[in-house]
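Take a look at the letters that make up each chain.
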Amino acid sequence: MRRVKRIKAGAINPLWHMYRTVSRFKVAKNFIIIELGRYCPSTIWKHRLYAGLLGMKLGENVSLAFKAMPDLMYPERIHIGKNSIIGYNTVILTHEYLVDEYRVGDVRIGHDTMVGANVTILPGVVIGDHAVIGAGSVVSKDVPDHSICYGNPLIVRSRNNE
């Protein structure tokens with residue numbers, strides 16, 4: 001079950017007036033930092049940029065691959081445990097705008113977890129410790145510890161509790 005806060009919109013979709021929900025300055029600042037980080041050749045520098053300037057909660061030795069994309073609006077809602085890998089071009093969302101509402105939720109990724117390339121992680125999900133998420137997956141629900149998951153929709157293919 002995704003843990004999101006739902007905020008109802010009026011007659012107009014909330015993306016049309018998104019700067020009522022988040023500051024223009026914050027989005028512009030986050031955009032610049034994230035774009036620098038996406039192309040940064042050093043995972044150490046990227047870690048410092050994201051944790052220090054965006055407020056992301058990153059454990060020791062977290063590696064975000066080339067072009068991984070944290071949420072532009074609320075990157076401070078991303079929590080990644082130590083020694084985890086976020087694959088190439090993965091998108092981690094902590095917000096979503098729908099026609100009649102918008103939603104915001106924390107994303108928690110456990111320690112020693114690997115997220116493959118081109119994965120999309122939706123707001124409000126928890127990915128457990130020692131989990132493996134296959135490339136191209138859409139993570140729309142929680143992932144248990146020690147599991148291997150892939151697909152769209154995401155399916156838990158195996159669990160190894162050793």
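This structure is a prediction, so every number in the text was calculated from the model and none was measured. Each chain has its residues counted from 1, running along the sequence as written. Selection of residues for local features in this predicted model requires a pLDDT of at least 70, selection of side-chain atom pairs for listing and counting requires 80 or more, and totals for whole chains, interfaces and linings are taken over all residues. Side-chain calculation: all heavy atoms of the structure are included, whereas hydrogens and water are not.

Caption draft 1: Molecular detail of unusual backbone geometry. Look at the link from N152 to P153: it is a cis peptide, with omega at 10 degrees. Secondary structure counts use DSSP, requiring at least four H or I residues in a row for a helix and at least two E residues in a row for a strand, with both numbered from the N terminus. Structurally, the position occupied by P153 is in the loop between β16 (147-150) and β17 (155-159). Despite not being glycine, K67 has its phi angle at roughly 70 degrees, a positive value. Each residue gets one of three labels from its accessible area relative to the maximum for its type: buried under 20%, exposed over 50%, partly exposed in between, using a 1.4 Å probe on protein chains only. With relative accessibility at 22%, the residue K67 sits in the partly exposed group.

Caption draft 2: Up close: a nonpolar patch on the surface. Two distance rules govern patches: like charges are joined within 9 Å, and nonpolar side chains (Val, Leu, Ile, Met, Phe, Trp, Tyr) within 5 Å, applied only to residues with over 30% relative accessible area and no salt bridge. Note on areas: Shrake-Rupley, 1.4 Å probe, and residue coverage restricted to the protein chains presented here. Salt bridges, as used here, are contacts in which a Lys or Arg side-chain nitrogen is within 4 Å of a carboxyl oxygen on Asp or Glu. A grouping of I85, M114, V132, I148 and Y150 is seen on the molecular surface, where their side chains present a nonpolar patch of about 390 Å² in accessible area. Here M114 lies in strand β11 (residues 114-115).

Caption draft 3: Representation of the nonpolar core. We call a set of buried residues a nonpolar core when its members are Ala, Val, Leu, Ile, Met, Phe, Trp, Tyr or Cys and they connect through side-chain atoms within 4.5 Å of each other. Within the largest apolar cluster, 28 residues are counted, with the highest numbers of intra-cluster contacts made by Y50, I121, I133 and V139. Secondary structure elements with two or more residues in this core: α1 (24-39), α2 (43-54), β5 (78-80) and β10 (107-109). It is α2 that provides the largest number of residues to this core, a total of 3 residues. Any two residues whose heavy atoms approach within 4.5 Å at even a single point are treated as in contact. Ignoring anything within four residues of it in the chain, the contact list for I121 reads T90, V91, I92, L93, V107, I109, V115, I127 and V139. Among the nonpolar cores identified, the runner-up in size contains 8 residues, and V22, Y74, Y97 and V104 belong to it.

Caption draft 4: Quick peek at the environment of A131. Tracing the backbone through its elements, the reader meets A131 in the loop between β13 (126-127) and β14 (132-133). You can call A131 buried: its relative accessible area is 1%. For the pair formed by A131 and I148, sequence separation is 17 residues and the distance between their alpha carbons is 5.9 Å. Those residues in contact with A131 that sit more than four places away from it in its chain are D112, T113, M114, V143, P144, H146 and S147.

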